[in-house]
Amino acid sequence: MQALIAPLLAFFCLSAAAQAPQPPEVAARSYLLLDVSANQVLAARDPDSPVEPASLTKLMTGYLVFEALKNKKIDLKQALPVSERAWKMPGSRMFIDPKMQVPVDDLIKGMIVQSGNDATMALAEGVGGTAERFVELMNQQAKVLGLKNTGYRNPEGLTAPGHTTTARDLGVLATRLMHDFPEYLHYYSIKKYRYQGTPTANDTNRNTLLFRDPTVDGLKTGHTDAAGYCLIATAKRDFPNLAGRRLVAIVLGASSEAARANEAQKLLNWGFTAYEGLKLFDANQAVLEPPVWKGTADTIKLGQIQPIVLAVPAGSGAKVKTQVARTDPLVAPFTKGQQLGTLKILSGDQVLREVPLVALEAVGQAGIFGRAWDAIRLWIK
């Protein structure tokens, strides 16, 4: 897991030398457009400025709930009690009460689709024992994910001193949520839901892009008076050279529900058209297979455990080339995942990115006679 965190923190922006396209004007306090497939920031304004996340906080709450499900600490069919505290939560609600025992599956839908603060509190208490302990878990997980400028004070996102984040941190969180828990992402694309016996008028997802753009499949809205109108929208579109290319648009502090949707849609459309995605190598595909000395194999495959994808200005893909720098000679043994080289991705003479190349397989040390023979060969070489 740690191997994934570092590249997510090192979001890459094309330099001016690479003639990055001019992003559109975005009516929001701050924003960030991330190409998840390429792990690149395509455009941003004030991505490190502290902001109140409002209900975008529920992405971290969801992360911990999904982790508890994955670790079998809770079960989707398990019914959780509704405390007085959860019942009396202000703001957006699922409209559950202490007379109910609500399944985790329904509470997740209430938290995501209806943005219910009551459902969120019930889940936090169910996973953490208390809301205070759950908030400790949120802040611990923020550190694990490398969210350097995020602090949580509650699980639902109501305004509180010190409850802040940044667009960049939200980009990391959204990316990790989608990567780590793909089996639960369908919750974020549910358009309508209500728990039995609760008001029909409260059944519609506030992410209006789900109804407008069929390629949008999440993620979360947020709003308080202090935070303004916020939206993290993600879309996945197919292209001839890259199927399933995914972008995330983060819009913070817009003036209205309509404005946050329009600005996010604007960013997504611009990102998909202004930049093209290039898949250079598949996950676990050998970039090269150099010779090995004193090993149990004659060669070793070097590559990456994730696809190597790059986003470049539209029409400039033909200019991209690669170079490899590696240790020579490669003398065994090697462990799987050990870095043995670097792939340089260039456009002309401009280095766009450097990607570590790791051993895709382990190579043991040869026996005494094999090592002796290769020692002679190396000496002659």
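Structural notes, computed from the coordinates. (Residues numbered from 1 in each chain as written. Predicted model: local features only at pLDDT ≥ 70, side-chain atom pairs only at ≥ 80, totals over all residues. Heavy atoms only, no water.)

### A short note on the packing of helix α2 (residues 58-70) against helix α5 (residues 117-128)
The cut-off we apply is this: Note on geometry: axes are C-alpha line fits, over the in-contact stretch for helices, and angles between N-to-C directions span 0 to 180 degrees. Counting from the N terminus, the helices are DSSP H or I runs at least four residues long and the strands are E runs at least two residues long. Angle categories are assigned with fixed cut-offs, so that under 35 degrees is roughly parallel, over 145 is roughly antiparallel, 65 to 115 is roughly perpendicular, and the rest are oblique. The sense of a crossing depends on the near helix, which, turned anticlockwise from the far helix by less than a right angle, makes the crossing left-handed and, turned clockwise, makes it right-handed. In what follows, residue pairs with any heavy atoms lying within 4.5 Å of each other are defined as contacts. As a working rule, the residues Ala, Val, Leu, Ile, Met, Phe, Trp, Tyr, Cys and Pro are called nonpolar, Asp, Glu, Lys and Arg charged, and the rest polar, with Gly in that last group.
Taken N-terminus to C-terminus, the directions of α2 and α5 make an angle of 40 degrees; their axes are 10 Å apart at the nearest point. In terms of their interaxial angle, α2 and α5 are classed as oblique. The way α2 lies across α5 gives a crossing that is left-handed. Taking contact as the criterion, the partners of Lys58, Thr61, Leu64, Val65 and Ala68 in α2 are, on α5, Asn117, Thr120, Leu123 and Val127. Here the residues of the contact of α2 with α5 sort into five nonpolar, three polar and one charged.

### Considering the pattern of salt bridges
For clarity, the cut-off: By definition here, a salt bridge exists when the distance from a side-chain nitrogen of Lys or Arg to a carboxyl oxygen of Asp or Glu is within 4 Å. Burial classes follow relative accessibility: with a 1.4 Å probe on protein chains only, a residue under 20% of its type's maximum area counts as buried, one over 50% as exposed, and anything between as partly exposed.
Here the structure, examined in full by the defined rule, presents 15 salt bridges. Ionic pairing is found between Glu136 and Arg133, a salt bridge with its closest N-O pair at 2.9 Å. Taken together, the positions of Glu136 and Arg133, both in helix α6 (residues 131-145) and three residues apart, correspond to about one turn of that helix. As a salt-bridge pair, Glu263 and Lys266 come within 3.1 Å of each other at their nearest N and O atoms. Here Glu263 pairs with Lys266, and both are found in helix α9 (residues 257-274), just three residues apart, close to one helical turn. Since its relative accessible area comes to 8%, Glu263 is described here as buried. Classification of Lys266 as partly exposed rests on a relative accessible area of 32%.

### Quick word on the sheet that holds strand β5 (residues 216-224)
Just so we agree on the cut-off: Paired strands, as defined in this entry, are two strands with at least two bridges between them according to DSSP.
With respect to topology, five strands assemble into an open sheet ordered β2-β1-β7-β6-β5, the strand pairing being antiparallel. Lying at the two open borders of the sheet, with one neighbouring strand each, are β2 (40-45) and β5. Going from strand to strand, the sheet's axes swing by 10 degrees on average, the running direction of each strand aside. The pairing of β5 with strand β6 (residues 228-239) spans eight bridges and is antiparallel. Bridge pairing in β6 links Gly222 to Cys230. Set on the sheet, helix α7 (residues 167-180) makes contact with β1 (30-35), β2, β5, β6 and β7 (242-254); between it and β7 the angle comes to about 140 degrees.

### Concerning the sheet that holds strand β11 (residues 320-326)
Read from one edge of the open sheet, four strands run β9-β13-β12-β11, paired in antiparallel fashion. Each end of this open sheet is capped by a strand with a single partner; those strands are β9 (302-303) and β11.

### Quick notes on the nonpolar core
Rule in force here: What we call a nonpolar core is a set of buried Ala, Val, Leu, Ile, Met, Phe, Trp, Tyr and Cys residues that are connected through their side-chain atoms within 4.5 Å.
Grouped together as the largest cluster of nonpolar side chains are 64 residues, with contacts concentrated most on Met60, Phe66, Leu107, Ile108 and Ile232. Breaking this core down by element, the ones donating at least two residues are β1, α2, α4 (104-112), α5, α6, α7, β6 and β7. When residues no more than four places from it in sequence are discounted, the contact partners of Leu107 are Leu80, Met94, Ile96, Val102, Ala119, Ala122 and Leu123. Counting residues in hydrophobic clusters, the runner-up holds 29 residues, among them Ala28, Ala254, Ala261 and Leu268.

### A word on the environment of Asn154
Formally: Under this definition, polar contacts are N or O atom pairs within 3.5 Å; protein pairs additionally need one hydrogen-donor-capable and one acceptor-capable atom, and for neighbouring residues in sequence, both atoms have to be side-chain atoms.
Among the secondary structure elements, Asn154 is positioned in the loop between α6 and α7. Residue Asn154 is classed as buried on the basis of its relative accessible area, which comes to 9%. If sequence neighbours within four positions are ignored, Asn154 has contacts with Thr57, Val135, Met138, Ala160 and His163. A polar atom in the side chain of Asn154 sits 2.6 Å from the backbone nitrogen of Gly157. Reaching out from Asn154, the side chain makes a polar contact with the backbone oxygen of Leu158 at a distance of 2.9 Å.

### Structural notes on α5
Put simply, the test is: For a helix, the expected span equals 1.5 Å multiplied by the residue count minus one.
For α5, spanning twelve residues, the distance from its first C-alpha to its last is 16 Å, which sits close to the expected 16 Å at 1.5 Å a residue. Buried within α5 are the following residues: Asn117, Asp118, Ala119, Thr120, Met121, Ala122, Leu123, Ala124, Glu125 and Gly128. Just past α5, the residue Gly129 takes up positive phi, approximately 90 degrees.

### Regarding α4
Most of α4 is tucked away, with seven of its nine residues classed as buried. Val104, Asp106, Leu107, Ile108, Gly110, Met111 and Ile112 are the residues of α4 that are buried. Buried-residue contacts for α4 involve α2, β3 (79-81), β4 (101-103), α5 and β5.

### Considerations on the pairing of β7
Within β7, eleven of the 13 residues are buried, which leaves the element mostly enclosed by the surrounding structure. Where β1 lies against β7, six bridges are found, and the strand directions are antiparallel. Within the sheet, the bridge partner assigned to Leu32 lies in β7 and is Ile250. Bridge count for β6 against β7 is nine bridges, and the pairing is antiparallel. Bridge assignment links Leu231 to a residue of β7, and that residue is Val251. Connecting β6 to the next strand, β7, in antiparallel fashion are two residues.

### Observations concerning the layout of surface pockets
Convention followed: Space inside and on the surface of the protein is sampled on a 1 Å grid over the protein atoms alone, with a cavity defined as a set of points where a 1.4 Å probe fits but cannot get out and a pocket as an open set with protein on both sides within 12 Å along at least 5 of 7 lines; lining residues have an atom within 4 Å of a point. Grid points are joined across faces, edges and corners, and a volume is the space filled by probe spheres set on the points.
Here the second largest pocket defines a volume of roughly 230 Å³. Ser55, Ser92, Gly222, His223 and Thr224 are the residues nearest the centre of the second largest pocket, which is lined by 18 residues in total. Residue assignment for the lining of the second largest pocket shows that the elements contributing at least two residues are β5 and α9. Here the lining of the second largest pocket is composed, by residue class, of three nonpolar, ten polar and five charged.

### Considering the packing of α2 against α6
In a packed pair of helices, the relevant descriptors are the angle between the two axes and the axis-to-axis distance. Closest axis-to-axis distance for the α2/α6 pair is 10 Å, and the angle between their directions is 95 degrees. In this view, α2 runs roughly perpendicular relative to α6, as classed from their interaxial angle. Contacts between α2 and α6 involve Met60, Thr61, Tyr63, Leu64 and Glu67 from the first element and Phe134, Leu137, Met138, Gln141, Ala142 and Leu145 from the second. Class assignment of the residues belonging to the contact of α2 with α6 gives a composition of eight nonpolar, two polar and one charged.

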